[in-house]
Amino acid sequence: MTVCASRQLVPTSELLIAALKGKYAVGAYNVNNMELLQAIVEAGNELKAPLILQVSAGARKYANEAYLIKLVEAALNSSTIPIALHLDHGEDFEICKACIDGGFSSVMIDGSKHSFEDNIALTKQVVDYAHPRGISVEAELGKLAGVEDNISVSEKDAIYTNPAEAKEFIERTGVDSLAVAIGTSHGAYKFKGEAKLDFVRLAEIQQAVGLDYPLVLHGSSSVPAYLVKICNDFGAEIPGAKGVPEEMFSQATKLGVAKINVDTDLRLAFTGAIRKHFAENPSHFDPRQYLTPARAAVKELVKGKIKVFGTDGKA
Ligand code: G3H
Ligand code: 13P
Ligand code: ZN
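**Q** Talk me through the coordination of the zinc ion (ligand 3); I want residue IDs and the actual numbers.
**A** With distances of 2.0 to 2.1 Å, the protein atoms coordinating the zinc ion (ligand 3) are His89 (NE2), His186 (NE2) and His218 (ND1). For the zinc ion (ligand 3), the single-chain donor residues occur in sequence as H-x96-H-x31-H. Placement of the pair is His89 in strand S3 (residues 83-90) and His218 in the loop between strand S7 (215-217) and helix H10 (225-233), with a sequence separation of 129 residues. By relative accessible area, His89 is classed as partly exposed at 21%.

Rendered as structure tokens:
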């Protein structure tokens, strides 16, 4: 199964290198259906922003990868901006190989649950398959777990990315970009108390791996209060949700972060708009009636992200 649009996907590494130089980050947005894809691509086109569309194993299963590929082809043919297609959190060699063979721009091999040595071996296996085919690889070192405020230094060291290990990991695997653990986590509940990221550690990682090496920040949804409120006002139960404050991203991009992953915020925008639509229009049952505002909400959200990450006008 190959992406064969007349306009081609761009290599992810090209986008990341340009972002590093320009001290901005390219947003990587998770795609699960047509409306999400259209919203993201319309936002990118309007703001002339390069985009990374990313697909998880769950998305491949939900939508059927063949459908997603055709949607991405349609997006390429109806837009003028650089678009990359990335596998998000590939957990083994086989899924990475399938996406490399399928024409993706890049893959992530997520060996973060394995030991350092096993993560290196798995990542290297994927890099050795990807590089001769012109495909770049992202790996992850450290654990993207929620960290309690009162955690000890040694406990934190066991979870967060170690700068010296990051350097060794990159040297031994040849991996093109590295997702780091500095306090973000996936989902809508990232912090119990105040939102904190370990920027001192990020600076140390940047120093260890070099100024020209692209780092990746997963778990970067901001969980905006207005979106949580819309969801909760219209029947959701998402109490105490908290994300990464938007002002933290400019600091992250100055410290080598060139790719920022967002999924949860897309889900909140999409779901909030649907909940609101149903509450206000109980007689509606045509999916186009409620998917139209859902798509519009995601588009507005992504336009905001593009500005916060500094990607507008960079296409
Ligand atoms: O980091 C995970 C992304 O949010 C994708 O989530 O595996 O539920 O598609 P998913
Ligand atoms: P969020 O859950 O913060 O949106 O993170 C998404 C992500 O990291 C996808 O890989
Ligand atoms: Zn992630």
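**Q** How would you sum up the site of ligand 2? Please name residues and give values.
**A** With respect to spatial proximity, 15 residues lie near ligand 2, and among them Asp88, Lys190, Ser221, Asp263 and Thr264 are the closest. Between ligand 2 and Ser221 there is a distance of 2.6 Å, counted from an oxygen atom to a side-chain nitrogen or oxygen. Between Asn261 and ligand 2, the recorded distance is 3.0 Å, taken from a side-chain N or O atom to an oxygen atom. Protein coverage of the free-state accessible area of ligand 2, which is 310 Å², stands at 96%. Only S3 and strand S8 (257-262) provide two or more residues apiece to the shell around ligand 2.

**Q** Which residues make up helix H13 (residues 287-309), and what values do they have?
**A** An ideal rise of 1.5 Å per residue puts 33 Å on 23 residues; H13 measures up with 32 Å between its terminal C-alpha atoms. When H13 is considered as a whole, its buried residues turn out to be Tyr290, Leu291, Ala294, Val298, Lys299, Leu301, Val302, Lys303, Lys305, Ile306 and Phe309. Count one or two residues on from H13 and you reach Gly310, which has phi positive near 80°.

**Q** Residues and numbers for the site of ligand 1, please.
**A** In the region of ligand 1, the neighbouring residues are Asn30, Ser56, Asp88, His89, His186, Asp263 and Arg267. Here an oxygen atom of ligand 1 sits 2.6 Å away from a polar atom, N or O, in the side chain of Ser56. Taking His89, its side chain carries an N or O atom lying 3.3 Å from an oxygen atom of ligand 1. Relative to its free-state accessible area of 310 Å², ligand 1 is covered by the protein chains to the extent of 67%. Here the shell around ligand 1 is built from residues that sort into no nonpolar, four polar and three charged.

**Q** I'd like to hear about the sheet that holds S7, residue by residue, with values.
**A** With parallel pairing, eight strands are arranged side by side around a closed barrel as S1-S2-S3-S4-S5-S6-S7-S8. For this sheet the average axis-to-axis angle between neighbouring strands, irrespective of direction, equals 25°. When S7 meets S8, the two strands line up parallel, connected through three bridges. Bridged to Leu215 within S8 is Val257. Where helix H2 (residues 34-47) meets the sheet, its contacts fall on strand S1 (26-30), strand S2 (51-56) and S3, and the angle it forms with S2 comes to roughly 165°. Relative to the sheet, H13 contacts S1, S2 and S8, its axis offset from that of S1 by approximately 150°.

**Q** Describe the pairing of S1, with residues and values.
**A** Strand residues, when the strand is regular, have side chains that alternate between the two faces of the sheet. Within S1, five of the five residues are buried, which leaves it mostly tucked inside the rest of the structure. By the alternation rule, side chains of S1 split into Val26, Ala28 and Asn30 and Gly27 and Tyr29, which are all buried. Looking at chain direction, S1 and S8 are connected through four bridges and run parallel. Within the sheet, the bridge partner assigned to Val26 lies in S8 and is Lys259. Two strands pair when backbone bridges link them, and S1 and S2 are joined in this way by three bridges, in the parallel orientation. Paired with Tyr29 across the two strands is Leu53, which belongs to S2.

**Q** Explain the nonpolar core to me, using residue names and the numbers behind them.
**A** Residues Tyr29, Leu53, Leu178, Leu202, Leu215 and Leu266 are the most contacted members of the largest nonpolar core, which totals 92 residues. Per-element tally for this core: the top contributor is H13, with eight residues. The contacts of Leu178, once residues within four sequence positions are left out, are Ala139, Glu140, Leu141, Ala166, Phe169, Ile170, Tyr213, Pro214, Leu215 and Val216. Counting residues in each nonpolar core, the second largest holds eleven residues, with Leu16, Ala19, Ala84 and Ala258 among its members.

**Q** Kindly report on the packing of helix H5 (residues 93-101) against helix H6 (residues 116-130), identifying the contributing residues and their values.
**A** Here H5 crosses H6 at 20°, and the two axes come no closer than 10 Å. Our classification of the angle between H5 and H6 gives roughly parallel. Regarding H5 and H6, the two cross each other, and that crossing is right-handed. For the pair H5 and H6, the contacting residues are Phe93, Cys96, Lys97, Ile100 and Asp101 in the first and Leu122, Gln125, Val126, Tyr129 and Ala130 in the second. Residues of the contact of H5 with H6, tallied by class, amount to seven nonpolar, one polar and two charged.

**Q** Which residues make up the pairing of strand S4 (residues 106-109), and what values go with them?
**A** Along S4, one buried face is formed by Ser106 and Met108 and the opposite face, lined by Val107 and Ile109, is buried too. In this sheet, S4 lies alongside S3 in parallel orientation, the contact comprising three bridges. Each bridged residue has a counterpart across the sheet, and for Gly90 the counterpart in S4 is Ile109. Regarding the hand of the β-α-β motif, the stretch spanning S3, H5 and S4 is right-handed. As defined by bridge partners, S4 adjoins strand S5 (residues 136-141) across four bridges and the pair is classed as parallel. In the strand pairing of S5, Ser106 is matched with Ser136. In this fold, S4 hands off to H6, which returns the chain to S5; that crossover is right-handed.

Reading the values: rules and limits
- Residues numbered from 1 in each chain as written.
- Chains lettered and ligands numbered in written order.
- Predicted model: local features only at pLDDT ≥ 70, side-chain atom pairs only at ≥ 80, totals over all residues.
- Heavy atoms only, no water.
- Donors = N, O, S within 2.8 Å, 3.2 Å for Na, K, Ca; no water.
- Helix = DSSP H or I, 4+ residues; strand = E, 2+ residues; numbered from the N terminus.
- Buried < 20%, exposed > 50% of the residue type's maximum accessible area, 1.4 Å probe, protein only.
- Near = heavy atom within 4 Å.
- Polar contact = N/O pair within 3.5 Å; in protein donor to acceptor, adjacent residues only side chain to side chain.
- Areas by Shrake-Rupley, 256 points an atom, 1.4 Å probe, with all protein chains shown as cover.
- Expected span 1.5 Å × (residues − 1).
- Nonpolar A, V, L, I, M, F, W, Y, C, P; charged D, E, K, R; others polar.
- Pairing = 2+ DSSP bridges.
- Axes fitted to C-alpha atoms, helices over the stretch in contact; angles between N-to-C directions.
- Contact = heavy atoms within 4.5 Å.
- Core = buried A, V, L, I, M, F, W, Y, C linked by side-chain atoms within 4.5 Å.
- Parallel < 35°, antiparallel > 145°, perpendicular 65-115°, else oblique.
- Left-handed = near helix turned anticlockwise from the far one by under 90°.
- Right-handed = clockwise from strand over helix to strand, strands pointing away.

From the geometry alone we can't say anything about function, so treat these as descriptive.
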